[in-house]
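Residues per chain, in single letters:
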Amino acid sequence: MKEILVETSARHIHLTKEAVEALFGKGYELTKKKDLSQPGQYACAEKLTVVGPKGTLKASILGPVRSANQVELSLTDARSIGVTAPIRESGDIAGSGACKLVNPENGAEIELTEGVIAAKRHIHLTPKDAEELKVKDKQIVSVKINSERSVVFGDVVIRVSDKFAPAMHIDTDESNAACAFGTVYGIIIP
C-alpha cells in the first residue's frame, strides 16, 4: 500500500480581501513567508490575535485570500479561549463558532459571527493518486500513522482535486496523540 505524507496543520486563519483591508489597511497585500505543501498556498509573515471569552492566542494567516473568513483551531485551542469549534471540512463554516480577530500591530479588529472550526482530518489527493489508491472524493477512510506512538485515525475524508498535492492533514492535538513529529507517513487501511 502506498504511504501518504502526514502533516500537522497548526492553528491558522484564512481571510477575505475585505478582512485583510479592515485589519491592515486599504490595498494591503499579505506578505508571503513560505510556501506550503499544497500548490499556491503559503504562510504569511503577519499574525493575528484570536480573542474568545476566556482568553487569546496568536495565529498565523495563510494565503492567498479566500471567499470567506475561517479560523482553524485544535479543540484544545478552542477550549482554552472559550470558543466553539465544531469539527468541519474547510469551507463548511455555516453556524460555526465566533471570535474576534485583532491585529496586534495597529489594534484593528473584526468580529466573526461564524468561521471558527476544528478541521476534520483529511487527505489531499490528485485524481491520479486517488485512482491509484482506489478511493474517491468525499470517501471516508481510516489511516494508520507509522510513528513512535502508532495510531489509527478513523473518519478521515478524502479530498480530490488536480490542484492538490498528496498529503494527510491532522491538527496539533492529533499530531501530539500520534507523536507525528518530523517526517511521518500513514497508510490507508481497509
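Residues numbered from 1 in each chain as written. Predicted model: local features only at pLDDT ≥ 70, side-chain atom pairs only at ≥ 80, totals over all residues. Heavy atoms only, no water.

A. Up close: empty space enclosed by the protein. Under the counting rule described, the total for this entry stands at one cavity of 30 Å³ or more. Taken as a whole, the largest cavity spans an internal volume of roughly 110 Å³. Lining the largest cavity are 18 residues, with S9, E72, A119, I170 and D171 positioned closest to its centre. Elements supplying a minimum of two residues to the lining of the largest cavity: strand 9 (109-119), strand 13 (167-170) and helix 4 (172-178). Class assignment of the residues belonging to the lining of the largest cavity gives a composition of five nonpolar, six polar and seven charged. (1 Å grid on protein atoms, 1.4 Å probe; cavity = no way out; pocket = protein on both sides within 12 Å on 5 of 7 lines; lining within 4 Å. Points joined across faces, edges and corners; volume = space filled by probe spheres on them. Helix = DSSP H or I, 4+ residues; strand = E, 2+ residues; numbered from the N terminus. Nonpolar A, V, L, I, M, F, W, Y, C, P; charged D, E, K, R; others polar.)

B. View of the side chain of D171. As for its position among the elements, D171 is in the loop between strand 13 and helix 4. As a buried residue without a salt bridge, D171 has its nearest oppositely charged side chain in R121, at a separation of 6.9 Å. Non-local contacts of D171, meaning those with residues more than four positions away in its chain, are made with T8, S9, S74 and L75. (Buried < 20%, exposed > 50% of the residue type's maximum accessible area, 1.4 Å probe, protein only. Lys, Arg positive; Asp, Glu negative; His and termini not counted. Salt bridge = Lys/Arg side-chain N within 4 Å of Asp/Glu carboxyl O. Contact = heavy atoms within 4.5 Å.)

C. Here's a closer look at the layout of surface pockets. By volume, the largest pocket amounts to about 900 Å³. Residue lining of the largest pocket: 36 residues in total, with H12, H14, L36, Q41 and L62 positioned closest to the centre. Of the residues assigned to the lining of the largest pocket, the class counts are 10 nonpolar, 16 polar and 10 charged. Taken as a whole, the second largest pocket holds about 160 Å³ of empty space. Together, L75, I87, A118, A119, K120, R121, G154, D155, D171, D173 and E174 line the second largest pocket. Of all the secondary-structure elements, those providing two or more residues to the lining of the second largest pocket are strand 9, strand 12 (151-160) and helix 4. When its residues are assigned to classes, the lining of the second largest pocket shows four nonpolar, one polar and six charged.

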